[in-house]
Amino acid sequence: MTFVRACAAADVAVGHAVPIDLDGTEIAVVHAEDGTFYAVYDECSHQSVPLSEGEVDGCTLECWLHGSRFDLRTGAPSGPPATEPVPVYPVEVRDGDIYVSLTPSNGVVAP
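Predicted model only: the values in this text are computed from it and were never measured.

1. As for the pairing of strand β9 (residues 91-94)
On any regular strand, side chains alternate: one points to one face of the sheet, the next to the other face.
Right, on to step 1. Sheet analysis places β9 next to strand β10 (residues 97-101), joined by 4 bridges and oriented antiparallel. Looking at β10, one finds that V91 is bridged to V100.
Right, on to step 2. Counting the residues in the hairpin turn of β9 and β10 gives 2 residues, including D95, whose phi is positive at 50°.

2. Remarks on the side chain of S68
Right, on to step 1. Looking at the secondary structure, you find S68 in the loop between β6 (60-62) and β7 (69-71).
Right, on to step 2. You can call S68 buried: its relative accessible area is 1%.
Right, on to step 3. Among the polar contacts listed, one links the side chain of S68 to the backbone nitrogen of A82, at a separation of 2.9 Å.
Right, on to step 4. Aside from chain neighbours lying at most four places away, what touches S68 is L61, E62, C63, G79, P80, P81 and A82.

3. Here we look at the nonpolar core
Right, on to step 1. Counting residues in hydrophobic clusters, the biggest one holds 18 residues, and the most contacted among them are V30, Y38, V40, L51, L61, F70 and L72.
Right, on to step 2. At the level of elements, β3 (25-31) and β4 (37-41) are the ones that each hand at least two residues to this core.
Right, on to step 3. In contact with L72, other than residues within four places in its own chain, are V30, Y38, V40, C59, T60, L61 and V88.
Right, on to step 4. Within the second largest apolar cluster, 15 residues are counted, among which are A6, A9, A39 and Y41.

4. What about the environment of D71?
Right, on to step 1. Locating D71 in the fold gives a position in strand β7.
Right, on to step 2. As a C-alpha pair, D71 and T60 span 11 residues in sequence and 4.5 Å in three-dimensional space.
Right, on to step 3. In this view, D71 contacts C59, T60, A76 and V88; residues no more than four positions away in its chain are not counted.
Right, on to step 4. Of note is the side chain of D71, whose polar atom sits 3.3 Å from the backbone nitrogen of T74.

5. Re the packing of aromatic side chains
Right, on to step 1. Throughout the structure, instances matching the rule amount to 0 aromatic pairs.
Right, on to step 2. Sitting over the ring of Y99, R94 keeps its end group 4.2 Å from the ring centre.

6. Overview of the sheet that holds β10
Right, on to step 1. Reading across from one edge, β1-β10-β9 is the order of the 3 strands in this open sheet, with antiparallel pairing throughout. Pairing within the sheet leaves two strands with one partner each, and these edge strands are β1 (3-8) and β9. Each neighbouring strand pair of the sheet contributes to a mean axis angle of 30°, computed without reference to strand direction.

7. Observations regarding the pattern of salt bridges
Right, on to step 1. By the definition in use, this model includes 4 salt bridges.
Right, on to step 2. Across the salt bridge formed by R5 and D97, the nearest N and O atoms sit 3.2 Å from each other. Taken together, the residues span a long stretch of sequence, with R5 in strand β1 and D97 in strand β10 at a distance of 92 residues.
Right, on to step 3. Here R5 falls in the partly exposed class, since its relative accessible area comes to 41%.
Right, on to step 4. Of the charged contacts in the structure, one is a salt bridge between E62 and R69, with a shortest N-O distance of 3.6 Å.
Right, on to step 5. By relative accessible area, which is 21% here, E62 ends up partly exposed.

Rules of the game
- Residues numbered from 1 in each chain as written.
- Predicted model: local features only at pLDDT ≥ 70, side-chain atom pairs only at ≥ 80, totals over all residues.
- Heavy atoms only, no water.
- Pairing = 2+ DSSP bridges.
- Helix = DSSP H or I, 4+ residues; strand = E, 2+ residues; numbered from the N terminus.
- Buried < 20%, exposed > 50% of the residue type's maximum accessible area, 1.4 Å probe, protein only.
- Polar contact = N/O pair within 3.5 Å; in protein donor to acceptor, adjacent residues only side chain to side chain.
- Contact = heavy atoms within 4.5 Å.
- Core = buried A, V, L, I, M, F, W, Y, C linked by side-chain atoms within 4.5 Å.
- Phe/Tyr/Trp six-rings, centres within 6.5 Å; stacked < 30°, edge-to-face > 60°.
- Lys NZ or Arg CZ within 6 Å of the ring centre and 35° of its normal.
- Axes fitted to C-alpha atoms, helices over the stretch in contact; angles between N-to-C directions.
- Salt bridge = Lys/Arg side-chain N within 4 Å of Asp/Glu carboxyl O.

Given below as structure tokens:
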């Protein structure tokens, strides 16, 4: 599995998400409240809205438009209006940098 440098870990504050373009794929890199970094496709599966603009709560990321929450570990929505999961990407932290694989770990392919 190939990993691409996304950003410095220091660029993503705890409880926040940042948008990153990795080789043409829009990714939201999230620093969850437990200190873990996650990467998900940066578009709500319900509507074309950037998830990186939403709120982080525990291990979920909320779409700011209609309130669907997505599990950062699985990409699964917790409730309507979203019914489809978003792609989730493997993350590695190396020497203070975040690396992301563009092969989804949950098998969901970005549109």
